[in-house]
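Per-entry structural report
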Amino acid sequence: MDLLHNTVQPYDWGSRTLLPDLMGVPPTGAPQAELWMGAHPAAPSRVSRGGVLAPLDRVVAAHPEGELGAVTVRRFGPRLPFLLKLLAAEAPLSVQVHPDLAQAQAGFAREDALGIPLDAPHRNYRDDQHKPEMIVALTPFRGLCGFRGAADTARLLDSLAVPALRPYAETLRGAPEPLALAEVFRAFLRPPAGLLDAVARALAVAAAGPDEARLAAYDAVARAHPGDAGLLSALMLRHVELSPGEALFLGAGVPHAYLSGLGVEIMASSDNVLRCGLTSKHVDAEELARVVRFGAPPTRVLTPREEGGEEVYPAPVDDFRLSRYLLRAGEPRRRVTVDAPQILLCTAGTVTVSSGFSASPSASEERLAIGPGQAVYVPAGAETGLAGAGTAFRATTGTAERSG
C-alpha cells in the first residue's frame, strides 16, 4: 500500500477555505477546487517506488495485472477506471452533461476521423469512455440537477415577469414534456439580445422578495456569470440541497451544475464533458441536443445502505464503487481486502490502514495513520485492515469481490 501524494486543482470556482479547513492547513489565499486521487494522466497521484515519487498511471502501466487485478484489466483495460476527488465549490460550476458509452465511442471516432486534435478547444470527445459520477456531501452542498417539470418551469418563468420569456413558458405548457423541454433548451442556448440582462435584473428583484428561498440560487448564478446564456439553462434545472452524508448519482444525459459546498466525488476516469453554459469553454448546441436526455424524472437523493459495517452508496455502474466507514476507537479492525484496486480516503479523525489482517496487529505489519484529506492506494488482492476513530471513504470498482 502507498500513501498518495495528490494534486490540488486551482480552478477559479474553488473555495479558498473548505479544503484547508478539512486538512488543517493554512489557506494559500488562492482557490483550491479539487484534490485528485487516482491515475488520471492530467494529474496522477504519486507513490513512492525505490525512494522516488512515481506517477500512479506509470506504476499501473508497468504492472497492470499486479496493480489492478485480472478482473479489472479484462473489464476496463490496463488503467485505473475511476478517479476520486475532494471537491470544494465556492461559486457555480458550468452547466454540463456527459455522454453514455455508445455516444462517447461514436463521438471520439467521429472527431478522430475529422482530424480534430485531442487538445483542440472545440473538441467534444477527449476519449472513448463515459463519465458517470457521484457526489457525497461533507458539508451542506447545493447544486442543480436534472430538468424540473415543464409546467413548473413555465410557472417559474412567469413569476419573473419578463415579457420576452412568455413564448418559452407557453411552449412549456403547450407541448408534450420531452418535446417542450428540448425546444426551449435549444432556444435558450442562443437567446435573443437583451434577454439575459432582463432575466438577471428580474432575478435580483425576485430574490430580494417573497421568492427569495426559491430563486436565490439562480440569482447567485446570474451574479457569478453575468451575460452567460447558461443562466437560462440553469433556470430549467432543479435546485438540490444535500445534507452531510447524502449523495447524488449523475448518469449520462443529465444536465447538472454544482453551486457550493465540500464533497467526496467519484467518477469514471474520462474527460468527456459537454458544456451547456456558465463557462468560457466551447458549447456545441447540436451535440448537446443529441446527448441531453429531455425528461423530468424525480431527482433521487441517495443515502448509503449498511452492509456489514460498511455503508455503500448505490450506483448503477461498475466503473466505481464508493462506500464509507464510520470507525470508533477500540473496535476490531475491518478487513477491506478485495480483488480490485482501491483508494482509502480519510475525511475526519484518524484512520490507520494496515497491510495485513489478523485478530490483532503484528509487529511485522506496515501501518499508515492518515488524517483528513490524506489517502492510501492499495493494489488488488493486498491484505488490508482498517481501524481508528474517524471516517474513511473507500473507492474501488463495482466488479470488486472480497478476497478469501
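Scroll up a little and you will see the structure.
Quick summary incoming for the structure in this document. None of the values given here were measured: they were computed from a predicted structure.

Description of the pairing of strand S12 (residues 256-268)
Across the 13 residues of S12, 13 count as buried, placing the element largely inside the fold. Two strands pair when backbone bridges link them, and strand S6 (residues 82-89) and S12 are joined in this way by 8 bridges, in the antiparallel orientation. When the bridges of S12 are listed, Leu84 appears paired with Ile266. The sheet contact formed by strand S8 (residues 133-137) and S12 spans 5 bridges and is antiparallel. Across the sheet, Glu133 pairs through a bridge with Met267, a residue of S12. Both strand S9 (residues 141-147) and S12 contribute to a ladder of 4 bridges, which runs antiparallel. Residue pairing in the sheet places Cys145 in a bridge with His256 of S12.

Here we look at the nonpolar core
One finds Leu157, Leu160, Leu165, Phe185, Val199, Leu203 and Leu235 to be the most contacted residues of the largest nonpolar core, which totals 52 residues. Excluding residues that lie within four positions of it along the chain, Leu235 makes contacts with Arg148, Thr153, Leu156, Leu157, Leu160, Val199, Leu203 and Tyr218. Judged by nonpolar contacts, the second largest core, of 35 residues, contains Leu19, Leu22, Met134 and Ile343.

Here's the deal with the packing of helix H9 (residues 195-207) against helix H10 (residues 212-224)
Running from amino to carboxyl end, H9 crosses H10 at an angle of 140°, the nearest separation of the two axes being 8 Å. Here H10 runs oblique to H9, going by the angle between their axes. Here H9 runs over H10; the crossing is left-handed. Only Glu212, Leu215, Ala216, Tyr218, Asp219, Ala222 and Arg223 of H10 make contact with H9, whose side of the interface consists of Ala200, Leu203, Ala204, Ala206 and Ala207. Of the residues in the contact of H9 with H10, the class split is 9 nonpolar, no polar and 3 charged.

Notes on the packing of helix H7 (residues 166-174) against helix H8 (residues 177-189)
The geometry of H7 relative to H8 is characterised by a closest axis approach of 8 Å and an angle of 160° between their N-to-C directions. By the angle between their axes, H7 is roughly antiparallel relative to H8. When H7 is examined against H8, the residues Tyr168, Thr171 and Leu172 are found in contact with a partner set consisting of Ala180, Leu181, Glu183, Val184, Ala187 and Phe188. Of the residues in the contact of H7 with H8, the class split is 7 nonpolar, 1 polar and 1 charged.

Observations regarding the environment of Arg328
In this fold, Arg328 is placed in the loop between strand S16 (321-327) and strand S17 (334-335). Sequence-wise, Arg328 and Pro10 are 318 residues apart; in three dimensions their C-alpha atoms are separated by 34 Å.

What about the side chain of Thr153?
Looking at where Thr153 falls in the secondary structure, it is placed in helix H6 (residues 150-159). Excluding anything up to four places from it in sequence, Thr153 contacts Arg148, Leu172, Leu235 and Met236.

Some thoughts on the packing of aromatic side chains
A full pass over the atoms with the stated rule returns 6 aromatic pairs. Taking the centre distance of 5.8 Å and the plane angle of 90° together, the rings of Phe147 and Phe185 count as edge-to-face. Taken together, the residues span a long stretch of sequence, with Phe147 in strand S9 and Phe185 in helix H8 at a distance of 38 residues. On the basis of relative accessible area, Phe185 is assigned to the buried category, the value being 1%. Within the aromatic cluster, the residues linked to one another by ring pairs are Phe147, Phe185 and Phe294.

Calculation rules
Residues numbered from 1 in each chain as written. Predicted model: local features only at pLDDT ≥ 70, side-chain atom pairs only at ≥ 80, totals over all residues. Heavy atoms only, no water. Buried < 20%, exposed > 50% of the residue type's maximum accessible area, 1.4 Å probe, protein only. Helix = DSSP H or I, 4+ residues; strand = E, 2+ residues; numbered from the N terminus. Pairing = 2+ DSSP bridges. Core = buried A, V, L, I, M, F, W, Y, C linked by side-chain atoms within 4.5 Å. Contact = heavy atoms within 4.5 Å. Axes fitted to C-alpha atoms, helices over the stretch in contact; angles between N-to-C directions. Parallel < 35°, antiparallel > 145°, perpendicular 65-115°, else oblique. Left-handed = near helix turned anticlockwise from the far one by under 90°. Nonpolar A, V, L, I, M, F, W, Y, C, P; charged D, E, K, R; others polar. Phe/Tyr/Trp six-rings, centres within 6.5 Å; stacked < 30°, edge-to-face > 60°.

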